[in-house]
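Chain by chain, the residues run as shown.
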Amino acid sequence: MGALIHVHSGLRWLALALLFFAIVNAILKLKSGKYEKSDKMLNLFAMVLLHIQILIGTVLSFLTGKISYAEGWMKNPQYRFFGLEHILLMVIAVTLITIGRKKAERAIDPAKKHKTILIWYVIVLVIIFLAIPWPFRTALGGSWF
Ligand code: HEM
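Everything numeric in this text was worked out from a predicted model, so none of it was measured.

### Some points on the coordination of the iron atom of the ligand
Then comes step 1: Donor atoms from the polypeptide that coordinate the iron atom of the ligand comprise H8 (NE2) and H86 (NE2), at 2.0 Å from the metal.
Then comes step 2: Classification of the site at the iron atom of the ligand as octahedral follows from its six donor atoms and the range of 85 to 179° in their angles at the metal. Placement of the pair is H8 in helix 1 (residues 2-29) and H86 in helix 3 (residues 77-106), with a sequence separation of 78 residues. Neither H8 nor H86 differs from the other in exposure class; each is buried.

### Digging into helix 2 (residues 37-63)
Then comes step 1: In this model, helix 2 (27 residues) spans 39 Å end to end at C-alpha, consistent with the 39 Å of a helix rising 1.5 Å per residue.
Then comes step 2: All buried positions along helix 2 are accounted for by D39, L42, N43, A46, M47, L49, L50, Q53, I56, G57 and L60.
Then comes step 3: Tucked into the core, helix 2 has its buried residues touching helix 1, helix 3 and helix 4 (110-131).

### Some thoughts on the site of the ligand
Then comes step 1: Near the ligand you find 24 residues, and of these H8, T64, K66, H86 and S143 are the closest.
Then comes step 2: Between the ligand and T64 there is a distance of 2.4 Å, counted from an oxygen atom to a side-chain nitrogen or oxygen.
Then comes step 3: Within the side chain of H86, an N or O atom sits 2.8 Å from a nitrogen atom of the ligand.
Then comes step 4: If you list the elements that add at least two residues to the shell around the ligand, you get helix 1, helix 2 and helix 3.

Criteria and thresholds
Residues numbered from 1 in each chain as written. Predicted model: local features only at pLDDT ≥ 70, side-chain atom pairs only at ≥ 80, totals over all residues. Heavy atoms only, no water. Donors = N, O, S within 2.8 Å, 3.2 Å for Na, K, Ca; no water. Tetrahedral: all angles 85-135°; square planar, octahedral: opposite > 155°, others 65-115°. Helix = DSSP H or I, 4+ residues; strand = E, 2+ residues; numbered from the N terminus. Buried < 20%, exposed > 50% of the residue type's maximum accessible area, 1.4 Å probe, protein only. Expected span 1.5 Å × (residues − 1). Contact = heavy atoms within 4.5 Å. Near = heavy atom within 4 Å. Polar contact = N/O pair within 3.5 Å; in protein donor to acceptor, adjacent residues only side chain to side chain.

Pasting the structure below:
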């Protein structure tokens, strides 16, 4: 359980990094007239990593002491965050990245593909950033790694 938390916690950095690189890449290649295999792979890996986080997070949900739906749970910041906000926002983010990437793959024009990735991935990055239990939100008991 402890190891799994560290995997889930550490993978946040890889997820944020991949999202960031995918966004920068979309900007840099926007007017290149090309959408290459490397673009496709970067965008795919960013999405896959988020799916992996969902899987690990789902397992953690059954093991963690940070989730409880006992009476009055909504009044407890930690229970509300992990039992509702974290899960809901992350599932929304992963749904959006999946839709956005599909739209980009379906588009024919390379510029349209990059633009689609750019818009959807920025939205996803913002949501994920907001839904991470950063250590400075002290009530949540999160850590940096
Ligand atoms: C993109 C998706 C996700 C990211 C980037 C993410 C990231 C994180 C981070 C950074 C922590 C804090 C770990 C720590 O400070 O030690 C955390 C904790 C947690 N996450 Fe996620 N998460 C994601 C999705 C999910 C989902 C979908 C679930 C549940 C279905 C989930 C369940 C949990 C639980 C239960 C904890 C608390 C673990 C504990 O400390 O006992 N996560 N998550």
